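Notes for the structure review
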Amino acid sequence: MVALAMVFVAGRADAQLGGMMDKAKGAAQSGAKGKVEKEVNDKLLAEGRKNQCSFKTDSDQLMPGCDSKIKKLADALVDAKKRLQMAGVKAYKFEVSGHTDSSGKAEHNKELSGKRAQVIVKELVNRGIAPGEITAVGMGSDRPLVTPDDTPAKKAKNRRYEIQVRL
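Residue numbers restart at each chain and count upward from 1, following the sequence in its written direction. Restriction of local features to residues with pLDDT of at least 70 applies here, the model being predicted, together with a cutoff of 80 or more for giving and counting side-chain atom pairs; totals for whole chains, interfaces and linings are based on all residues. As a rule here, side-chain values cover all heavy atoms of the structure and leave hydrogens and water aside.

**Observations concerning the pairing of strand 3 (residues 160–166)**
Rules: Any residue under 20% of the maximum accessible area for its type is buried, any over 50% is exposed, and the rest in between are partly exposed; the area is computed with a 1.4 Å probe on protein chains only. By the criteria applied, helices consist of DSSP H or I runs no shorter than four residues and strands consist of E runs no shorter than two, each listed in order from the N terminus. Pairing between two strands requires that DSSP report at least two bridges joining them.
For strand 3, the buried fraction is high: 6 of the 7 residues fall into the buried class. Relative to strand 3, strand 1 (residues 93–99) runs antiparallel, the two sharing 7 bridges. The partner of Ser97 across the bridge, within strand 3, is Glu162.

**Notes on the side chain of Glu133**
How we decide: Identification of polar contacts relies on pairs of N or O atoms within 3.5 Å, with a donor-acceptor requirement for protein atoms, meaning one able to donate a hydrogen and the other able to accept it, and with residues adjacent in sequence counted only if both atoms are side-chain atoms. Should any heavy atoms of two residues lie within 4.5 Å, those residues are counted as being in contact.
Mapped onto the fold, Glu133 is located in the loop between helix 3 (106–126) and strand 2 (134–138). Reaching out from Glu133, the side chain makes a polar contact with the side chain of Lys81 at a distance of 2.9 Å. With near-sequence residues (within four places) excluded, Glu133 lies in contact with Lys81, Tyr92, Lys93 and Phe94.

**Brief notes about the pairing of strand 1**
Selection criterion: Seen with the strands pointing away from the viewer, any crossover whose path from the first strand over the helix to the second strand runs clockwise is right-handed.
Within strand 1, 6 of the 7 residues are buried, which leaves it mostly tucked inside the rest of the structure. Bridge count for strand 1 against strand 2 is 5 bridges, and the pairing is parallel. Paired with Ser97 across the two strands is Val137, which belongs to strand 2. Handedness of the crossover is the feature at issue here: the chain leaves strand 1, passes through helix 3, returns alongside strand 2, and the resulting connection is right-handed.

**Examining helix 3**
The following threshold applies: To estimate the expected span of a helix, count its residues, drop one, and scale the result by 1.5 Å.
Taking 1.5 Å per residue as the helical rise, helix 3 with its 21 residues ought to reach 30 Å, and the 30 Å between its terminal C-alpha atoms agrees with that figure. Buried residues along helix 3 sit in contact with helix 2 (67–86), strand 1, strand 2 and strand 3. Immediately downstream of helix 3, the backbone of Gly128 shows phi near 110°, a positive value.

**Describing the side chain of Ser59**
Tracing the backbone shows Ser59 in the loop between helix 1 (2–50) and helix 2. Here the side chain of Ser59 touches Gln61 through a polar contact of 2.9 Å, landing on its backbone nitrogen.

**Here we look at the pattern of salt bridges**
Filter applied, for reference: By convention in these notes, a salt bridge is any Lys or Arg side-chain nitrogen within 4 Å of a carboxyl oxygen on Asp or Glu.
Enumeration according to the criterion identifies 15 salt bridges in this entry. In this structure, Asp67 and Arg127 form a salt bridge, with 3.4 Å as the shortest nitrogen-oxygen distance. Residue Asp67 is located in helix 2, and its partner Arg127 is located in the loop between helix 3 and strand 2; the two are separated by 60 residues in the primary sequence. What you see here is one network of salt bridges that share partners, running through Lys43, Glu47 and Lys50.

Geometric descriptors of this kind do not, in isolation, establish any biological role.
See below:
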């Protein structure tokens, strides 16, 4: 009887320890994914800033000279995909967010920034990024880099797109 009780207690301890180990393993994986997500996003934001394409005023038409910049962005996404896959991350989506300055009506800016983000997505898809892996979001002037944007130079900094990965 005592031996049976000891086996029962030992079995419960193993089950509890196993549960704690599963939680610890999950936390470690979550922490590793968070670290990879941060590293990839830092790299994508830096590449996006270096490779900004300009749009014609109040338009979603790209200015000439963006081909090499879009190619570099596509290469950065391919590198990011490799990094995510090496880390065992399978569920992710790249998000291209379009941003405007504070000029004009908020509703118009939101729509325009979405159209500009869609143009960048289309260009990246044309260069090999799978359509199911990337999405466009219009932010309008909701997330400025510089405030107030009361000079042409400050306004120009706020007219941008950013690329991030979402896990």
